[in-house]
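A structural walkthrough
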2 protein chains.
Amino acid sequence: MSAPRTGDGAPRKRGRPARTDLGGGPGARERILTAARAEFAERGYDKASIRAIARGAGVDPALVHHYFGPKEQIFAAAIEVAFAPALQAPDVVLKGSPDTAGERMARFFLGLWEDPVTREPLLAIVRSAVANETAAAVFRDLVSSRLMARIADELDVADPRLRAELAAAHLVGIAMLRHVIKVEPLASADMEEVIAQVAPAIQRHLSGAS
Amino acid sequence: MSAPRTGDGAPRKRGRPARTDLGGGPGARERILTAARAEFAERGYDKASIRAIARGAGVDPALVHHYFGPKEQIFAAAIEVAFAPALQAPDVVLKGSPDTAGERMARFFLGLWEDPVTREPLLAIVRSAVANETAAAVFRDLVSSRLMARIADELDVADPRLRAELAAAHLVGIAMLRHVIKVEPLASADMEEVIAQVAPAIQRHLSGAS
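Residues numbered from 1 in each chain as written. Chains lettered and ligands numbered in written order. Predicted model: local features only at pLDDT ≥ 70, side-chain atom pairs only at ≥ 80, totals over all residues. Heavy atoms only, no water.

As recorded in an unreviewed UniProt entry, chain A goes by TetR family transcriptional regulator and comes from Streptomyces blastmyceticus.

Below is the structure:
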């Protein structure tokens, strides 16, 4: 499907305002993004519909496509917003002493999962990614390019990407067991105790120790 | 809801058994369990239907209820079968030198995820647990009582349950990033290299080292 054209036949750039008769106008792009986040969070990638997103934003479905392209790309834009807090991880991890990077990474990442405001969007992304290969691929690209690559770039170890991913894996697994499966005593353990137990393992991954 | 009865127990259309078959047609329980595993794996806990399970097993829905009770309990029985290979983990971990328990646990658990035959049922359970609280609770009970409690019982450390769960969490996270999100290079890394990198962290959790 080709993008809508302007009168002179030139492809319109994404993100440019569309015709107002599609329900556009000021804030339309943001409204679509907000509606998309809600729709994907509630129904998951598979069941989310562009029609419902358009309805939620008060615009024509064609405008959703105009701004974002196909469903996959709407999802990419929506999870980038939902994942924005997590994307601060590289700054948090890399600013400060390398000796305590593991603790900072553990505290930051587990902190995102402690707070329902940041947890729910993460949980919605995980649900979509687990259920759907396309959603997993979109999330993978985001995690690779915006988290793992940036953390790995600063590590002075062999296999920095693999090391960064193993560190992240430990924290992902804790989030799964603590907040999704809710296995006790991990689900109710004091967060500081969890950080104290896990930070040395994260630190070893990041510093290349065995 | 009761099924229609016949007086003579003659076979009926749509696989409805007579009352006399409800207690134990040969292999009926196993057929129901097989059909339940397939239905939960394909459609997830939310969308799985007892009617479809009964159809797959060639029995009346009433017989499914008779053997297993409500949907939650059918799910519990189905995942216990699907999870059976993983339930050998405590034996694998605890038989052998405590000094290499971390490596055995990593190799065993990651090995289950390497092989599609054992991976797919695990993936199906994770999908259901992530999407549905009831499914998560059923899985949690199984993991707690049959895996974590048994491993923790053998650990000579403070907070053995928490330690066992943190060890498991690391491996769960690797499975998520390697087999669900498929982040590179972890997704394609040689399994022996992953084990070599992660076994020391698992070992420290199990042995109570920091």
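From this point on, the discussion continues.
Residue and element names in this part refer to chain B. One can describe the packing of helix α1 (residues 28-47) onto helix α4 (residues 71-82) by two numbers: an axis separation of 9 Å at closest approach and a directional angle of 105°. Taken together, the axes of α1 and α4 are roughly perpendicular relative to one another. Facing Leu-33, Ala-36, Arg-37, Phe-40, Tyr-45 and Asp-46 of α1, the residues of α4 in contact are Lys-71, Glu-72, Ile-74, Phe-75, Ala-77, Ala-78, Val-81 and Ala-82. Here the contact of α1 with α4 is composed, by residue class, of ten nonpolar, no polar and four charged. (Axes fitted to C-alpha atoms, helices over the stretch in contact; angles between N-to-C directions. Helix = DSSP H or I, 4+ residues; strand = E, 2+ residues; numbered from the N terminus. Parallel < 35°, antiparallel > 145°, perpendicular 65-115°, else oblique. Contact = heavy atoms within 4.5 Å. Nonpolar A, V, L, I, M, F, W, Y, C, P; charged D, E, K, R; others polar.)

All names here are of chain A. Secondary-structure assignment places Glu-39 in helix α1 (residues 28-47). According to the relative accessible area criterion, Glu-39 is buried, its value standing at 9%. Once you skip the residues sitting within four places of it in the chain, Glu-39 turns out to touch Gly-44, Lys-47, Ala-48, Ser-49, Ala-52 and Ile-53. (Buried < 20%, exposed > 50% of the residue type's maximum accessible area, 1.4 Å probe, protein only.)

The next point concerns the packing of aromatic side chains. Residue and element names in this part refer to chain A. Across all of its chains, the model carries ten aromatic pairs over all chains by this definition. Ring centres of Phe-83 and Phe-139 lie 5.2 Å apart, and the angle between their planes is 85°; this geometry places the pair in the edge-to-face category. With a gap of 56 residues between them, Phe-83 in the loop between α4 (71-82) and α5 (89-94) and Phe-139 in helix α8 (residues 133-153) connect regions that are remote in the sequence. Taken as a pair, Phe-83 and Phe-139 share a single burial class, namely buried. Ring-pair connections join several aromatic residues into one group, and the members of that group are Phe-40, Tyr-45 and Phe-75. One cation-aromatic arrangement involves Lys-71 over Tyr-45; the distance from NZ or CZ to the ring centre is 4.9 Å. (Phe/Tyr/Trp six-rings, centres within 6.5 Å; stacked < 30°, edge-to-face > 60°. Lys NZ or Arg CZ within 6 Å of the ring centre and 35° of its normal.)

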